[in-house]
Amino acid sequence: MELDQLPWNGILRCTITKLKLKLSSKKTFLLVCLSFLFSSLIAQTNVTGKVTNDKGEPLEGVTVTLAGTENAVSTSDAGTYSINAPTNGTLVFTSVGYGDERVLINNRPVVDVNMAQAASDMNEVVVIGYGTRRKGDVTSSVASVSADDIARVHGGSTVSTLLAGKMPGVSFRMADGRPGASANIQIRGMGNPLFIIDDIQQDKGQFDNLSPDDIENITVLKDAAASIYGSRAANGVVLVTTKKGKTGQRSSINLGGYTGWQNWSRFPHTTNAYEWMVGKADAEMTFYGRTDITPEELEKWKAGTEYGYMSQDWRDLIVAKNAPLYSFNANVTGGSEKVNYYVSATHLDQRGVYGKDREFLFKRTNIQSNIDAKISQRLKVGLQINGRIETRDQPGVPGGDDYWAARFALFRNRPMELAYANNNPLYPNDIGHNTENWAVQTKALTGYWRSDWRVLQANFNAEYQIPGVKGLTLKGKYSYYLADNVINGHEYTYDVYTYHPDTDIYEKKVGSSNPYRERRLEKVFNNVSQIQLDYNRSFGDHTISGTFVNERIENKRTYTFQHGVPKINFLPVLQFADLDGQNYADIEAEQARLGYVLKIGYNYGSKYFLDFAGRRDASWKFAPTKRVGYFPSVSGAWRISREPFFRNVLGENSVLNDLKLRASYGVLGDDDIGLDPYAYLLGYRYGEGQAILDGVVVTSSRLRDGGVVIDNLSWFESRITDIGLDFEMFNSKLNGVVDYFYRKRTGLPDRKYDVLIPSEVGYGLPQENLNSDARFGGEIALRYTDKIGELEYNVGGNFSLSRSKFLQSYKPRFENSWDQYRTSGENRYSDIFWGYEVTGQFQSFEEINNYPVNIDNEGNRTLKPGSLIYKDQNGDGIINGYDERPIGYTTTGQPNIQYGFQIGLRYKGFDFNADFSGGALYSWNQNWEMRWPYQNTGALRQSIYDDRWHRADLFDPNSAWIPGKYPAISFTRAGEVTTIKILRIGYTMFAI
């Protein structure tokens, strides 16, 4: 008989694999087995040792396993262990945050091990709300960026402009690029998120205007984990942690800064005066068969030297390239066994792209001070102070948004309208719509507008480890926030001029006779108090954690607005006699919230995780019976790679190093429902008009909402499900995240229609929580990090998809099937764009005359070669609203697809980083100047002029047509109105 193998693991496992010899008796076989059993028992020994980190500190909770078995123990709080093992066995040491260690016993009774911290992304510590946790132990969907990630990009003046494309499921979109502008942030397209800065709820303005140099990390809660923030968490939560000094860190002074230049990367160009006139003559010949413009006149416009035939390049005048942006930071940081500190100051200056004088500007100075002190072995206290002064300064021109007016001028102004009369910079020209004349947009001529914010916040915190109960900690925090904003604006009266070349006289005219002086004073006071009790304790492989928080939030805002009509430009004093009572405002608003948070977590062997969390919230917005809500959540994770079968199946040297499956479900709230404060109380609106009683002018009031109280409306409820997978491969060089989510939102406000109220009553039914919608999608993120010699590199990318669908309204009703198809939102994507489907362009008049479908509702008599052909969807021979179909996606808000790509290189002292971001499943509906040539008789877009259908000889109606992308352009003459009623230009990326 031959025995193939006999592995001994404390218990004899005798396997006879092949029978080659016949034994003379069963006793002989029994004797052989007993001899092997005896030798095995002799080889067993008790192995002890201590496990430490690279600093020599003991490691608690390290799992020590005998290789190939399920025999395992955990280290004590002193890092020691004891395990029975064969003298020639192998021990495997594993712990979250450290690389696995395999050590051969080799007849040693004591085996000490030093564990090195692993490079695994799973070891990153992330903020999860009222606490932190290693990423490998997180059971919910989170995304984060570190200080290093933020420092790589300097693309704007606010924090939100630096984050585009860096986090999966988080989208960013900027409305414009004015100095101090911020980006709109949404998490999975769900709406405006809640911002938490150092555990304190804040508004987006405070988030945007932090100094990026002071941020340690930003974490985003994307799923049910946000339930701990209750009635404000339905759209996700953004958590910001500022920098602190570290215990044992040497004191250091750090100086840093950057400077750069900003330009418009893409903005439509318009034609010069000659091309504008050619287009006008072409349009008149095409649509009217005649034009007053002669070839000789066009030649004069082409030369552009004769007075009256000059061309103004408005883009060159308004847009000045290379607008400067710079920032400088100085900070001091360090720490001892008793005190650690971080003190920082940052100054930023950003100038606009308008004008060589750069009168559009944004400046901000930030201070940040974080100090923590260890008073005793159990007591720690801390103080965090942050403040800023920010200024927005620009010209103030009568007529609205001054920054927008300058941009609008590029389309509104015709190229034959000169900015200065006779091109003389001393005389701004009267162009008839002088708000858009850049020549008058100067502080010296037309006035100024300036906003100054002064903000100061102080957080006081304390932490005490309660004696007698290991792992129990009491924390307290109080935050006081004060913000002050002063806005001063003064729009002057000014003159413009018309030049008369025959007399060489500049005729003075009134540019604006409406002086405007305003002052706004705003103050915001926030008081936040938190009492928090934390418990965290390990019992062998079992770890239990718990958190209880009581949070009170009070907010008060005062606002006054005064408007006057000063008699002269150079006296900015607001006198009572000059005040306009119609534009006076005095507002005082208060808010209050009260919340109780409970979190319970369980962890077994860093393999199985289960978390329960919830918040009881009370909001000032709603009636007492609708004020309180409960927002629970549950989440769990399974670290599959920690299972013995994982290594048995894939082997010890598998390319897959870590694999975690997680899932979460929870109920979250949103109290931002557009409800007036105290709508549940009967109230009046003061100052709604005036009446004369007995010859006395009396300010009148009226009942708010017609006298109806809204006491049956509360927050939206969002039920969020998330299933995700986290993994690492190739020795943790590649890490990735995959998620699927579904959010059902109920309680959207609407009014019932089946309860009739006579119109004589003067009001309708109030809104109630009636409708529902859903948002769902998925995301994936990958990052690969490695080095080749001294060259370190990393490549990362992420992709997110989020779609919205309206689910149900209150008792929907429709007049007919078409009405239901066209207007119903029930169970239909809500981010779609309706229009006519374009099938081509007419190539000749013969094709137009023979076309059976009436496109323009006038027998196609207004169509020309190049006109768009719309599909007759219902086959009735005419194009109208019944032919509209979904042709695109949302034209507002965030794109349905967001993606980002990053690459980084480092070689010795040099580094290179590039970040890219983009969006898709988003439709751009060309409108106004982008769609209509000569909109409001303004400028003509260059791309339309260059790529239009037109005659080879514009003065010869019989010359050949030259095809183009755009139909033949039109121009409305005085006394004549011709409209292409159904022209739609769009681009469909995917069919619905």
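All of these numbers come straight from a predicted model, not from anything done at the bench. Note on numbering: residues in each chain are counted from 1, in written sequence order. Restriction of local features to residues with pLDDT of at least 70 applies here, the model being predicted, together with a cutoff of 80 or more for giving and counting side-chain atom pairs; totals for whole chains, interfaces and linings are based on all residues. Here the side-chain values reflect all heavy atoms present in the structure, with hydrogen atoms and water set aside.

Moving on to the UniProt feature "domain: TonB-dependent receptor plug" (unreviewed entry) in the protein chain. The feature "domain: TonB-dependent receptor plug" (unreviewed entry), as given by UniProt, occupies residues 135-237 in the numbering adopted here. Secondary structure content for residues 135-237 is 10% helix and 29% strand, while the C-alpha to C-alpha distance between its ends is 17 Å. UniProt positions are given in the numbering used here, feature names are shortened, and annotations may be inferred rather than shown by experiment. Helix and strand assignments come from DSSP, with helices taken as H or I runs of at least 4 residues and strands as E runs of at least 2, each series counted from the N terminus.

What follows concerns the side chain of D773. With respect to the helices, strands and loops of the structure, D773 is situated in strand β36 (residues 768-788). For each residue, the accessible area found with a 1.4 Å probe, counting protein chains only, is set against the maximum for its type, and the residue is called buried under 20%, exposed over 50%, and partly exposed in between. D773 sits in the buried class, given a relative accessible area of 9%. Contact partners of D773, with chain neighbours within four places excluded, come to R743, K744, R745, L748, K805, F806 and L807. The contact criterion used is simple: two residues touch if any of their non-hydrogen atoms lie within 4.5 Å.

Below, the discussion takes up the pairing of strand β23 (residues 472-491). Looking down a regular strand, the side chains alternate between one sheet face and the other. Being paired, for any two strands, means DSSP has found at least two bridges between them. Bridging between strand β22 (residues 447-465) and β23 involves 19 bridges; their strand directions are antiparallel. Residue Y448 lies in a different strand from β23, and its bridge partner there is H490. Connecting β22 to the next strand, β23, in antiparallel fashion are 6 residues, including G468 with a positive phi near 90 degrees.

Counting buried positions along helix α7 (residues 402-412) gives 9 out of 11 residues, so the element sits mostly inside the fold. Buried residues along α7 sit against α6 (314-318) and β21 (379-395).

Residues I832 and W834 of strand β39 (residues 832-835) are buried on one face, and the alternating residues F833 and G835, pointing to the opposite face, are buried as well. Pairing analysis gives 4 bridges linking β39 to strand β42 (residues 885-889), with the strands arranged antiparallel. Bridging across to β42, W834 finds its partner in P886.

Let us look at the environment of A320. Structurally, the position occupied by A320 is in the loop between α6 and β18 (323-335). A320 gets classed as buried once you look at its relative accessible area, which sits at 10%. Linking A320 and Y354, residues 34 residues apart in sequence, is a C-alpha distance of 5.6 Å. In this view, A320 contacts V353, G355, K356 and R358; residues no more than four positions away in its chain are not counted.

Here we come to empty space enclosed by the protein. Buriedness for pockets is judged along seven lines, at least five of which must meet protein on both sides within 12 Å for an open set on the 1 Å grid over protein atoms alone, while cavities are sets there where a 1.4 Å probe fits but cannot get out, and lining residues have an atom within 4 Å of a point. Grid points are joined across faces, edges and corners, and a volume is the space filled by probe spheres set on the points. As enumerated under the stated definition, the model contains 5 cavities of 30 Å³ or more in all. Approximately 70 Å³ is the volume found for the second largest cavity. For the second largest cavity, the full set of lining residues is Q206, N209, L210, S211, D214, N366, I367, Q368, N386, G387 and R388. Secondary-structure elements contributing two or more residues to the lining of the second largest cavity are β20 (361-374) and β21. Residues are grouped as follows: Ala, Val, Leu, Ile, Met, Phe, Trp, Tyr, Cys and Pro are nonpolar; Asp, Glu, Lys and Arg are charged; all remaining types, including Gly, are polar. Each residue belonging to the lining of the second largest cavity can be placed in one class, and the counts come to 2 nonpolar, 7 polar and 2 charged.

Salt bridges are identified by distance alone: a Lys or Arg side-chain nitrogen within 4 Å of an Asp or Glu carboxyl oxygen. The full count for this structure, using the stated rule, is 44 salt bridges. In this structure, R188 engages D722 in a salt bridge whose closest nitrogen and oxygen atoms are separated by 2.9 Å. Placement of R188 in the loop between β12 (183-187) and β13 (194-197) and of D722 in strand β34 (residues 716-729) is noted, with a sequence separation of 534 residues between them. In terms of burial, R188 and D722 fall into one category: buried. The partner of K607 in a salt bridge is E643, with the nearest N and O atoms 3.8 Å apart. Within this pair, whereas K607 is found in the loop between β28 (585-604) and β29 (608-619), its partner E643 is found in the loop between β30 (628-639) and α9 (644-650), the two being separated by 36 residues in sequence. Each of the salt bridges in this network shares a partner with another, and the network as a whole consists of R188, K222, K660, R662, D722, D726, D739 and E779.

In space, the 5 strands of this open sheet follow the order β10-β15-β16-β13-β14, with mixed pairing throughout. Looking along the sheet, the strands with just one partner apiece sit at the ends: β10 (142-146) and β14 (200-202). Shown here is a sheet whose adjacent strand axes are inclined to one another by a mean of 25 degrees, direction ignored. One ladder, built from 6 bridges, connects strand β15 (residues 215-221) with strand β16 (residues 237-242); its direction is antiparallel. By the bridge assignment for β16, L221 is matched with V237. Whenever a helix is involved, its axis is fitted only over the stretch in contact; in every case the axis is a line through C-alpha atoms, and angles between N-to-C directions fall within 0 to 180 degrees.

As a further point, take the sheet that holds strand β7 (residues 113-114). In sheet architecture, strand pairing relies on hydrogen bonds along the backbone and comes in two forms, parallel and antiparallel. As summarised here, the arrangement of the 3 strands in space is β4-β1-β7, forming an open sheet in which the pairing is mixed. Here the strands that pair on one side only, and so sit at the sheet edges, are β4 (80-86) and β7. One ladder, built from 7 bridges, connects strand β1 (residues 44-52) with β4; its direction is antiparallel. Note that in β4 the partner of K50 across the bridge is T80.

For the rest of this paragraph, the subject is the packing of helix α4 (residues 273-288) against helix α5 (residues 295-303). Close contact between α4 and α5 brings their axes to 7 Å; oriented N to C, the two are set at 155 degrees. The angle between α4 and α5 places the two elements in the roughly antiparallel class. Across the interface between the two elements, A273, Y274, M277 and V278 of α4 pack against E297, L298, W301 and K302 of α5. Within the contact of α4 with α5, the residues separate by chemical class into 6 nonpolar, no polar and 2 charged. Working definition: roughly parallel below 35 degrees, roughly antiparallel above 145 degrees, roughly perpendicular at 65 to 115 degrees, and oblique for all remaining angles.

Under the pairing criterion, centres of Phe, Tyr and Trp rings, with the six-membered ring standing for Trp, must be within 6.5 Å; the plane angle then separates stacked pairs below 30 degrees from edge-to-face pairs above 60, leaving the rest tilted. Applying the stated criterion to the full structure yields 38 aromatic pairs. Consider the rings of Y307 and Y499, whose centres lie 5.4 Å apart with planes at 75 degrees: the pair is edge-to-face. Taken together, the positions of Y307 in the loop between α5 and α6 and Y499 in strand β24 (residues 494-500) put the pair 192 residues apart, joining distant regions of the chain. You can call Y307 partly exposed: its relative accessible area is 33%. Accessibility expressed as a relative area gives 11% for Y499, which makes it buried. Measuring from centroid to centroid gives 6.4 Å for W638 and F645, while their planes differ by 55 degrees, and the two rings are tilted. Judged by relative accessible area, W638 falls into the partly exposed class, the value being 30%.

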